[in-house]
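Spelled out from the first residue to the last, the chains are:
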Amino acid sequence: PGDVERLVEDELVFPYPFAGMSLQKIWWEDLLQTVQVKFNRGSELSRFFNVPSGEDINASGKPFFIFVDKGQPLSKYTTFTTNVRRELESWVWKQMHVEVTFVNKHSHPVELYWINGGKGNHLKTLQPGEVRNENTMLSHEFYARDDRVDRWDGSPGRNKLSENSA
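Remember, predicted model here, so these are calculated numbers, not experimental data.

Caption draft 1: Geometry of unusual backbone geometry. For Asn-50, which is not glycine, the phi torsion reads 55° and is therefore positive. Position of Asn-50 among the secondary structure elements: in the loop between helix H2 (44–48) and helix H3 (54–60). Since its relative accessible area comes to 55%, Asn-50 is described here as exposed.

Caption draft 2: Summary view of the side chain of Asn-104. If you trace the backbone, Asn-104 turns up in the loop between strand E3 (97–103) and strand E4 (110–116). Engagement of the side chain of Asn-104 in a polar contact is seen with the backbone oxygen of Leu-126, the distance being 2.9 Å. There is a polar contact of 3.3 Å between the side chain of Asn-104 and the backbone oxygen of Gln-127. Setting aside anything within four residues of it in sequence, one finds Asn-104 in contact with Pro-109, Val-110, Leu-126, Gln-127, Pro-128, Gly-129 and Glu-130.

Caption draft 3: Up close: the pairing of strand E1 (residues 64–67). Here E1 shows a buried face lined by Phe-65 and Phe-67 and an unburied face lined by Phe-64 and Ile-66. Judged from the 4 bridges that link them, E1 and strand E2 (residues 78–81) form a sheet pairing that is antiparallel. Note that in E2 the partner of Phe-65 across the bridge is Phe-80.

Caption draft 4: Representation of the confidence of the model for the chain within the structure. Confidence in the prediction of the chain, expressed as mean pLDDT, is 82, and 87% of residues score 70 or more. Averaged over each element, pLDDT in the chain is lowest for helix H1 (residues 3–11) (82) and highest for strand E6 (residues 131–137) (93).

Caption draft 5: Geometry of the packing of aromatic side chains. Within the structure shown, the criterion is met by 7 aromatic pairs. Measuring from ring centre to ring centre gives 6.3 Å for Phe-67 and Trp-91, while their planes differ by 80°; the resulting arrangement is edge-to-face. With Phe-67 in strand E1 and Trp-91 in helix H4 (residues 85–95), the pair connects residues that are 24 residues apart, well separated along the chain. Neither Phe-67 nor Trp-91 differs from the other in exposure class; each is buried. Here the aromatic cluster, defined as three or more aromatic residues joined through ring pairs, consists of Phe-48, Phe-49 and Tyr-77.

Caption draft 6: Spotlight on the nonpolar core. Judged by nonpolar contacts, the single largest core of 15 residues is most densely connected at Phe-18, Trp-28, Leu-32, Leu-88, Val-92 and Met-96. If you list the elements that add at least two residues to this core, you get H1, E1 and H4. Filtering out sequence-adjacent residues up to four positions away, Leu-32 remains in contact with Phe-18, Phe-67, Val-92 and Met-96.

Here is what the cut-offs are and how they apply
- Residues numbered from 1 in each chain as written.
- Predicted model: local features only at pLDDT ≥ 70, side-chain atom pairs only at ≥ 80, totals over all residues.
- Heavy atoms only, no water.
- Helix = DSSP H or I, 4+ residues; strand = E, 2+ residues; numbered from the N terminus.
- Buried < 20%, exposed > 50% of the residue type's maximum accessible area, 1.4 Å probe, protein only.
- Polar contact = N/O pair within 3.5 Å; in protein donor to acceptor, adjacent residues only side chain to side chain.
- Contact = heavy atoms within 4.5 Å.
- Pairing = 2+ DSSP bridges.
- pLDDT = per-residue confidence, 0-100.
- Phe/Tyr/Trp six-rings, centres within 6.5 Å; stacked < 30°, edge-to-face > 60°.
- Core = buried A, V, L, I, M, F, W, Y, C linked by side-chain atoms within 4.5 Å.

Below, the structure is given as structure tokens:
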């Protein structure tokens, strides 16, 4: 293999971490199809995705990555090139954004929290019937709870999941 192929396999360790089970309990193959293609000569497909020539890729020392959202036409692709593993991981995560809709169907206010580092970060208190759309990353966790919970003695306190949480 050439230098770029060695970089992909040995330093970027592609497709890790986007293969198998993630730390967030995501089975990647349900979400991503990862393919590594050793590229030497142009083809109809490489021209479709505007992949640089093999000589240009080798000269840059950076592999060429293509991402298409599931269910979208191939013409809606995004490309990225890097030789730094953290940059690749960050870019792939950004491609997997989602929009979540929260609806308060209760007759009382509900607090909405985003969980980060074992602590609930208050996003908003949803009034009865209120709707909130949240743009987030695939692995982010949220919880909602009755706004009246912390109005009793012995409450663990706002923004806490339990007495022992951070």
